[in-house]
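Each chain, written out:
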There are 2 protein chains.
Amino acid sequence: MRTAVRVAVDAMGGDRGPAEVVAGALQAASPELEPVVFGSAELDTGGLEHVQTTQVIGMDDKPADAIRSKPDSSLLRACQAVAAGRADAVVSTGNTGALLGACLVELRRLPGVRRPAIAVPLPAERGPSVLLDSGANADARPEHLLQFAHMGAVFAEEILGVAHPEVRLLSIGEEPAKGNQLTIEAHELLRRSELHFAGNVESRHLLAGAADVVVCDGFTGNVCLKLLEGTIGTLLGALRSEIATDLRGKVGGLLIRPAARRLRTRLDPDTYGGAYLLGLRGLAVIAHGNASREAVANAVRLAARGVRHRVVERLAERLPGPPGGARGSVVASAGSLTQTPK
Amino acid sequence: MRTAVRVAVDAMGGDRGPAEVVAGALQAASPELEPVVFGSAELDTGGLEHVQTTQVIGMDDKPADAIRSKPDSSLLRACQAVAAGRADAVVSTGNTGALLGACLVELRRLPGVRRPAIAVPLPAERGPSVLLDSGANADARPEHLLQFAHMGAVFAEEILGVAHPEVRLLSIGEEPAKGNQLTIEAHELLRRSELHFAGNVESRHLLAGAADVVVCDGFTGNVCLKLLEGTIGTLLGALRSEIATDLRGKVGGLLIRPAARRLRTRLDPDTYGGAYLLGLRGLAVIAHGNASREAVANAVRLAARGVRHRVVERLAERLPGPPGGARGSVVASAGSLTQTPK
């Protein structure tokens, strides 16, 4: 048995270029954590193990096409390393759809899992909160949401260290009957489950902290994530310009700068570095395409943490899968993939 | 022909009590605008015409039940006044579901309209933007979204004064194929329509200003509205507490107060006072349950503006209705109503 966790890092995907990703991997490296860099021969990996690859899957590549036509891409090769046991987890800052597709092909789903989900830890005011699905499945059925809830609960227990995670269903009213057909039926499934289900929650509470686990379909989750990110950015930007319109505001702005910086750090999506793709026979972490080296380092550590806490094994125990649970075809799933998880 | 626009105001619905609603109606009153107050006999309407009613529909009342069991409620009576031609529009700060249900029963849908929609003007950075449906229909089909787009375009032209309103579809990626089944099919319908359709838009751009008209199903719209509201509130609150942790921040906070206030005013949902229920044979405006007198006054003015610009007539011309367009039953529609539009 290896003592260090080995994390396969796809160096070619990020918007900031491979050097930034490699710098992040180097930052995360320790005697207990060995990043393995997948990328072109020219990369200087600063001593990290380097698997040379010749192809790159771009942000705008169509997932299904890219997976077929770029077998020697850093992204596919990194996933294959996990499937073959040469690495314990994979981290990519690249094309989310392609990563999900590659994981479905190379790692495959856990038995009984109908749909993998993207689990994003939100830096909410009252502490971290996991939002899932944040974009793996644009369309979902009630039984998928129930599985997402179970996966989110394992994530909250193992990664966030919450003993009996509270699960809530994202809807447009707190009453069970408020919502769309999907949430009304999912509410009933969640209510009858053994989860600590505390009912529906409205999106207005997401940033303050709605629950340990917030469950929704991938379309809604992705819309929420992008709206959160966009609103925080627009609002702080608007405040900055409003302040800059007179001298009084400018002086005030200088004085509150440390406080604003603390707030920014607290709400920074890079705090966790990335999101898990849950429901697979291996661990995958997707980082923001625009991730800084710090964010990449956090994503690599997040992946290692998942390995040490045996998240995949815990999920396999927890999700025995309903009888006759259809597993669908990979191509069908890859068709509805979304691009960026946050 | 009457020269003044008469707006029926349901005084009993708001969270702040009838006196606040009446104060708002009084503020909006002018020689061109005659509010008619519907509410209990004890109300002092300050000289405004007063239709006395004996029942009140509460925020927690189930819409369908309330409409059946409270025929003399201020909300129903106000809607009936519009149906009977004794008022030109109705404004309520009450139960959104009940208002929508009452409008469906009393005002009825315009010919060809499948589902009414709630149109909310967002105070976006680049100027107002209409988001619809913001919660009238939790589930929607692609052809509904196409109708919402037409209704939103009329709203933008008549109420916001935009000549050729740009319409976008809210989705999780800009490419036509990014989204769920609903948005992918709706995209195609919108693309083939005569509207100025500019493609998909992601939620991250909503507060900055995504388009003149942003179309989505009512579940997604309601989630977005509540997330915007909640995130703005949580973020400004968090900044305030972060600033208050030391003297430097406190002084800075005092200095930036006017700038912060200007920003708050700019992003205030009360700027427009309310949202239209579009697609009915009469005009209805729903205001926030917690609306201040200023917000109520703005909602009453918004209703009057809709009457003067003949929004209902413009919609009737614009929406000839697809052949065989099912009109459904009111009870079925009232079952999926949502509570608060923002």
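Note that residues are indexed from 1 along each chain, following the sequence as it is written. Chains and ligands are labelled by the order in which they are written, letters from A for the one and numbers from 1 for the other. Note on the predicted model: pLDDT of at least 70 is required for a residue's local features to be given, and 80 or more for side-chain atom pairs to be given and counted; whole-chain, interface and lining totals, by contrast, use all residues.

1. A look at the overall build of chain A
Our working rule: We count a stretch as a helix when DSSP gives it H or I for four or more residues in a row; a strand needs E for two or more, and each element gets its number in order from the N terminus. Partly exposed residues are those falling between the two cut-offs: more than 12 but fewer than 20 other C-beta atoms within 10 Å of their own, whereas 20 or more means buried and 12 or fewer means exposed, with C-beta atoms placed from the backbone. With C-beta atoms placed from the backbone, a contact is any residue pair whose C-beta atoms sit within 7 Å.
Within chain A, the regular secondary structure consists of eleven helices and eleven strands. Here chain A holds 342 residues, and 59% of them are scored as buried. At a minimum sequence separation of 6, the contacts of chain A that also span at least 24 residues come to 72%.

2. With respect to the interface of chain B and chain A
Contact with chain B, which involves 49 residues of that partner, is made by 49 residues of chain A. Going through the elements one at a time, helix H7 (218-243) and helix H8 (247-266) of chain B are the ones with two or more residues in the side of chain B that touches chain A. The dominant element in the side of chain B that touches chain A, judged by the number of residues it contributes, is H7 of chain B, at 18 residues.

3. So, the relation of the copies chain B and chain A
We count it as follows: The atoms used to superpose the copies are C-alpha atoms, taken from residues with pLDDT of at least 70 in both, and the fit is least squares.
With an RMSD of 0.0 Å, the operation that places chain B on chain A is a rotation of 180 degrees combined with a shift of 0.0 Å along the axis. Both chain copies can therefore be described as sitting about a two-fold axis. Across chain B, the rotation axis passes nearest the C-alpha of Gly252 of chain B, at a separation of 2.0 Å. Mapped onto chain A, 100% of the interface residues of chain B again fall at the interface, so both copies present the same surface.

4. Thoughts on helix H4 (residues 96-106) of chain B
Residue and element names in this part refer to chain B. Taking burial as the measure, the eleven residues of H4 include ten buried ones, the bulk of the element. Within the sequence span of H4, burial applies to Thr96, Gly97, Ala98, Leu99, Leu100, Gly101, Ala102, Cys103, Leu104 and Glu106. One or two positions beyond H4, positive phi appears at Arg108, with a value near 65 degrees.

5. Concerning unusual backbone geometry
Residue Asp133 of chain A is reached from Leu132 of chain A by a cis peptide bond, and omega for that bond is 5 degrees. Phi angles above zero are rare outside glycine, and Arg108 of chain A is one such case at about 65 degrees. With respect to the secondary-structure elements, Arg108 of chain A resides in the loop between helix H4 (96-106) and strand S5 (117-122). Overall, the presence of 16 C-beta atoms within 10 Å leaves Arg108 of chain A in the partly exposed class. Even without glycine at this site, Arg310 of chain B takes up a positive phi of about 50 degrees. Inspection of the secondary structure puts Arg310 of chain B in the loop between helix H9 (293-308) and helix H10 (311-318).

6. Focus: the environment of His187 of chain B
By secondary structure assignment, the location of His187 of chain B is in helix H6 (residues 181-192). Separated by 42 residues in sequence, His187 of chain B and Leu145 of chain B have C-alpha atoms that sit 9.1 Å apart.

7. Some words on the sheet that holds strand S9 (residues 213-215) of chain B
Backbone hydrogen bonds hold the strands of a sheet together, and the pairing may be parallel or antiparallel. Residue and element names in this part refer to chain B. Here is the rule: One bridge is not enough; two strands pair if DSSP finds at least two bridges between them. Comment: axis = line fitted to C-alpha atoms, over the contacting stretch for helices; angle = value between 0 and 180 degrees taken between N-to-C directions.
With mixed pairing, the eleven strands of this open sheet are ordered in space as S3-S2-S1-S4-S11-S10-S5-S6-S9-S7-S8. Of all strands in the sheet, those with a lone pairing partner are strand S3 (49-52) and strand S8 (196-202), marking the two edges. Adjacent strand axes in the sheet meet at a mean angle of 25 degrees when their direction is disregarded. Sheet analysis places strand S5 (residues 117-122) next to strand S10 (residues 274-278), joined by three bridges and oriented antiparallel. Pairing of Ala119 across the sheet is with Tyr276, part of S10. In this fold H6 packs onto strand S7 (166-171) and S8, with an angle of close to 165 degrees to the strand it touches most, S7.

8. Things to note about the packing of helix H5 (residues 142-158) of chain B against H6 of chain B
Residues and elements named next belong to chain B. Quick note on the threshold: Angles below 35 degrees are treated as roughly parallel, those above 145 as roughly antiparallel, those between 65 and 115 as roughly perpendicular, and all remaining angles as oblique. By definition, any crossing whose near helix is turned counterclockwise from its far helix by less than a right angle is left-handed, and any crossing with a clockwise turn is right-handed.
Where H5 meets H6, the closest approach of the two axes is 8 Å, and the angle between their N-to-C directions is 50 degrees. Comparing their axes, H6 and H5 come out oblique. Here the hand of the crossing between H5 and H6 comes out right-handed. Residues Pro142, Glu143, Leu145, Leu146 and Ala149 of H5 form the contact with H6, whose own contacting residues are Leu182, Glu185, Ala186, Leu189 and Leu190.

9. Quick notes on the sheet that holds strand S4 (residues 89-92) of chain A
All names here are of chain A. Spatially, eleven strands are ordered S3-S2-S1-S4-S11-S10-S5-S6-S9-S7-S8 in an open sheet, and the strand pairing comes out mixed. The sheet is open, and its two borders are formed by strand S3 (49-52) and strand S8 (196-202), each paired with just one other strand. Taken over all neighbouring pairs, the strand axes of this sheet differ in orientation by 25 degrees on average, direction set aside. Note that strand S1 (residues 5-10) and S4 share four bridges and pair parallel. The residue bridging Asp10 from the neighbouring strand is Ser92, located in S4. In the packing of helix H3 (residues 74-83) onto the sheet, the strands contacted are S1, strand S2 (33-39), S3 and S4, and the crossing angle to S1 comes to about 160 degrees. Where helix H5 (residues 142-158) meets the sheet, it contacts S5, strand S6 (129-132), strand S7 (166-171), strand S9 (213-215) and strand S10 (274-278), and its direction lies at approximately 160 degrees from that of S9.

10. Considerations on H10 of chain B
Residue and element names in this part refer to chain B. To keep things clear, this is the line we draw: By definition, the arc is the one covered by directions from the helix axis to the C-beta atoms.
What H10 keeps buried is the set Val311, Val312 and Leu315. Seen end-on, H10 carries its buried residues on one side only, within an arc spanning 100 degrees. H10 presents Glu313 and Glu317 as exposed residues on the side facing more than 90 degrees away from its buried surface. Contacts made by the buried residues of H10 are with H5, S10, strand S11 (283-287) and H9.

11. Observations regarding the environment of Gly253 of chain B
Mapped onto the elements, Gly253 of chain B comes out in helix H8. As a C-alpha pair, Gly253 of chain B and Arg240 of chain B span 13 residues in sequence and 7.6 Å in three-dimensional space. Dropping the residues within four chain positions of it, Gly253 of chain B is found in contact with Ile256 of chain A together with Ile243 and Ala244 of chain B.

12. Details of the nonpolar core
Our working definition: Any nonpolar core is a set of buried residues, restricted to Ala, Val, Leu, Ile, Met, Phe, Trp, Tyr and Cys, that join up through C-beta atoms within 7 Å.
Ranked by size, the top nonpolar core spans 234 residues in total, and within it Val7 and Val9 of chain A together with Val7 and Val9 of chain B carry the most contacts. Those residues in contact with Val7 of chain A that lie beyond four places of it in its chain are Leu33, Pro35, Val36, Ala87, Asp88, Ala89, Val91, Val300, Ala303 and Ala304 of chain A.

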